[in-house]
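# Survey of secondary and tertiary structure
Given next are the chains, with one letter for each unit.
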Number of protein chains: 2
Amino acid sequence: MVEFRVDRASGLPAYLQLGRQVREALRLGWLQPGDRLPTVRDVVATSGVNANTVLKAYRELELAGLVEARQGSGTYVKSSLGSAAPEALDDLRAKFAAWVREARSAGLEDEDIDALVRAVLSGGSDDGAG
Amino acid sequence: MVEFRVDRASGLPAYLQLGRQVREALRLGWLQPGDRLPTVRDVVATSGVNANTVLKAYRELELAGLVEARQGSGTYVKSSLGSAAPEALDDLRAKFAAWVREARSAGLEDEDIDALVRAVLSGGSDDGAG
DNA sequence: TCTATTGTTCTAGTTCACTAGAACAATCTG
DNA sequence: CAGATTGTTCTAGTGAACTAGAACAATAGA
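The model shown is predicted, which means the values in this text are computed figures rather than measured ones. (Residues numbered from 1 in each chain as written. Chains lettered and ligands numbered in written order. Predicted model: local features only at pLDDT ≥ 70, side-chain atom pairs only at ≥ 80, totals over all residues. Heavy atoms only, no water.)

### Brief notes about the overall build of chain A
Going by this rule: Helix and strand definitions here come from DSSP, where helices need a minimum of 4 consecutive H or I residues and strands a minimum of 2 consecutive E residues; each element is numbered from the N-terminal end. What the globule rule says is 2.2 Å times the number of residues to the power 0.38, and the radius of gyration is computed from C-alpha atoms. Exposure is judged per residue with a 1.4 Å probe applied to protein chains only, and the accessible area is read against the type maximum: over 50% gives exposed, under 20% gives buried, and values in between give partly exposed. Should any heavy atoms of two residues lie within 4.5 Å, those residues are considered in contact. We get accessible surface area from the Shrake-Rupley algorithm with a probe of 1.4 Å; when it comes to residues, only the shown protein chains can shield them. The convention is simple: Lys and Arg are positive, Asp and Glu are negative, and His and the chain ends are not counted. By convention, the point assigned to a charge is CZ for Arg, NZ for Lys, CD for Glu and CG for Asp.
A count of helical and extended segments in chain A gives 5 helices and 2 strands. What you see for chain A is a C-alpha radius of gyration of 18 Å, clearly larger than the 14 Å of a compact globule of 130 residues, by over 25%. For chain A, with 130 residues in total, the buried portion stands at 36%. Long-range contacts, defined as pairs at least 24 residues apart, comprise 48% of the intrachain contacts of chain A with a sequence gap of at least 6. Accessible area for chain A stands at about 7100 Å²; split by element, carbon and sulfur atoms hold 47% of it. Looking at chain A, you have 16 positive and 19 negative side-chain charges, and the mean spots of the two groups are 9 Å apart.

Dropping the structure here:
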């Protein structure tokens, strides 16, 4: 079962946060075809957002072909998104977690780590000769 | 000189994107006290956002004590944010870039990498025993 | 002083995210 | 069939983000 976390202070619309979390869960294998998402009313009770907002998120996922809504039953995962083997993901996650630990012990705050990661991922400069 | 990139499709308000980019540049040492930010009109011409939007971003940075606006002259960096040594940052960046390359060669798409990174950074589960 | 540059303020309006509440429709269970 | 559960639709309204355009204020430099 996926647990949604909606951060109202992030500035990102709630329906986008919900959609992103489902997509991430799909990529990491936490959600697989056939799994049921939390009901709209569940999410309303858990996260405090309005039913229409949840519905908007679910509808976009359905338009993308990722989930399927069955009235009276629930919303189910329709197709997967992951492109990597679970073992590879585990291995990479462990290595990245180690890197994070090293960064922390080097004195970096969480925001520093975030900035660094974001710079590499969006910038794409992976050669040290720049 | 910082180059702003405003992605209107990201869902994140433009003024937040601008503010975040300045903060990240401060954390990575790309901006230092005394440096001048692009003028409001520059940003307008470059990114296409409205002057009021740019001003909103700059004003929040000024409220945070990070920059100082001097009418007729420009907006200048007032204080730093980085908590780590430049060499440590370089070293960590190289290591993380290597990890990204490894992830790509393992078949992960950029979105997979993003999901994995986000999960580790926000979840904090860095032990493989979960 | 004069001129260009830059930050600043103001008004007016549009679009989108979100809320609130109610009602309807399909499915499952007994 | 009856009742509970779930997704769905609808109307109305609020507030934030953003746009557009104009004008003002302070600084730097000739």
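### Structural notes on the domain arrangement of chain A
Here is the rule we go by: An automatic or database domain assignment supplies the residue ranges for each domain.
As assigned here, chain A comprises domain 1 (8–77) and domain 2 (86–123). Here the C-alpha centroids of domain 1 of chain A and domain 2 of chain A sit 27 Å apart.

### A closer look at the interface of chain A and chain B
Just so we agree on the cut-off: Joining two parts hides part of their accessible area as seen by a 1.4 Å probe, and the buried area is that hidden amount summed over both. For salt bridges, the criterion is a side-chain nitrogen of Lys or Arg within 4 Å of an Asp or Glu carboxyl oxygen. In protein, a polar contact means a hydrogen-donor-capable atom and an acceptor-capable atom, both N or O and within 3.5 Å, with residues adjacent in sequence counting only if both atoms are side-chain atoms; elsewhere, any N or O pair within 3.5 Å suffices.
On the side of chain B, 46 residues touch chain A, which itself brings 45 residues to the contact. Between chain A and chain B lies a buried interface of about 4000 Å² when both sides are counted; carbon and sulfur atoms form 63% of it. Taken together, chain A and chain B are joined by 10 salt bridges. The partner of Glu111 of chain A in a salt bridge is Arg27 of chain B, and the shortest N-O contact between them spans 3.9 Å. Linking chain A with chain B are 10 residue pairs in polar contact (both at pLDDT 80 or more). Among the secondary structure elements, those contributing two or more residues to the side of chain A that touches chain B are α1 (14–28), α4 (86–105) and α5 (110–123) of chain A.

### Quick word on the protein's contact with DNA strand C
Short version of the rule: By convention in this text, a residue qualifies as near a molecule or strand provided that one of its non-hydrogen atoms is within 4 Å of it.
Not every one of the 25 residues close to DNA strand C is listed here, only the nearest: Pro13, Ala14 and Gln71 of chain A together with Val40 and Arg41 of chain B. In DNA strand C, atoms within 4 Å of the protein come from the sugar-phosphate backbone in 62% of cases. Within the backbone of Ala14 of chain A, an N or O atom sits 2.3 Å from a phosphate oxygen of DNA strand C. The separation between a phosphate oxygen of DNA strand C and a polar side-chain atom of Thr53 of chain A is 3.2 Å. Contributing elements (two or more residues each) for the surface near DNA strand C: α1 and α3 (51–63) of chain A together with α2 (40–47), α3 (51–63), β1 (67–70) and β2 (74–77) of chain B.

### Thoughts on the protein's contact with DNA strand D
This is how it is decided: Side-chain classes follow a simple rule in which Ala, Val, Leu, Ile, Met, Phe, Trp, Tyr, Cys and Pro form the nonpolar group, Asp, Glu, Lys and Arg form the charged group, and the remainder, Gly included, forms the polar group.
Near DNA strand D you find 25 residues, and of these Arg41 of chain A together with Pro13, Ala14, Tyr15 and Gln71 of chain B are the closest. Among the atoms of DNA strand D lying within 4 Å of the protein, the sugar-phosphate backbone contributes 63%. For DNA strand D, a base nitrogen lies 2.9 Å from a polar atom in the side chain of Asn52 of chain B. For the surface near DNA strand D, the elements supplying multiple residues, two or more each, are α2 (40–47), α3, β1 (67–70) and β2 (74–77) of chain A together with α1 (14–27) and α3 of chain B. Take the surface near DNA strand D: its biggest share by element is 4 residues, from α3 of chain A. The residue inventory of the surface near DNA strand D, partitioned by class, reads 7 nonpolar, 12 polar and 6 charged.

### Remarks on the side chain of Thr75 of chain B
In this structure, Thr75 of chain B sits in strand β2. Discounting chain neighbours no more than four positions away, the residues touching Thr75 of chain B are Asp35, Arg36, Leu37, Tyr58, Val67, Glu68 and Ala69 of chain B.

### Let's talk about the relation of the copies chain A and chain B
So the rule is basically this: Alignment of the copies relies on least squares applied to C-alpha atoms, considering only residues that score at least 70 for pLDDT in both.
Note on the copies: chain A fits chain B at an RMSD of 0.1 Å, the axial shift is 0.0 Å, and the rotation between them is 180°. Expressed as an axis order, the relation between the two copies is that of a two-fold axis. Looking at the rotation axis and the C-alpha trace of chain A, the residue lying nearest is Leu12 of chain A, at 2.6 Å. Looking at chain A, 100% of its interface residues are interface residues in chain B too, so the copies touch through the same face.

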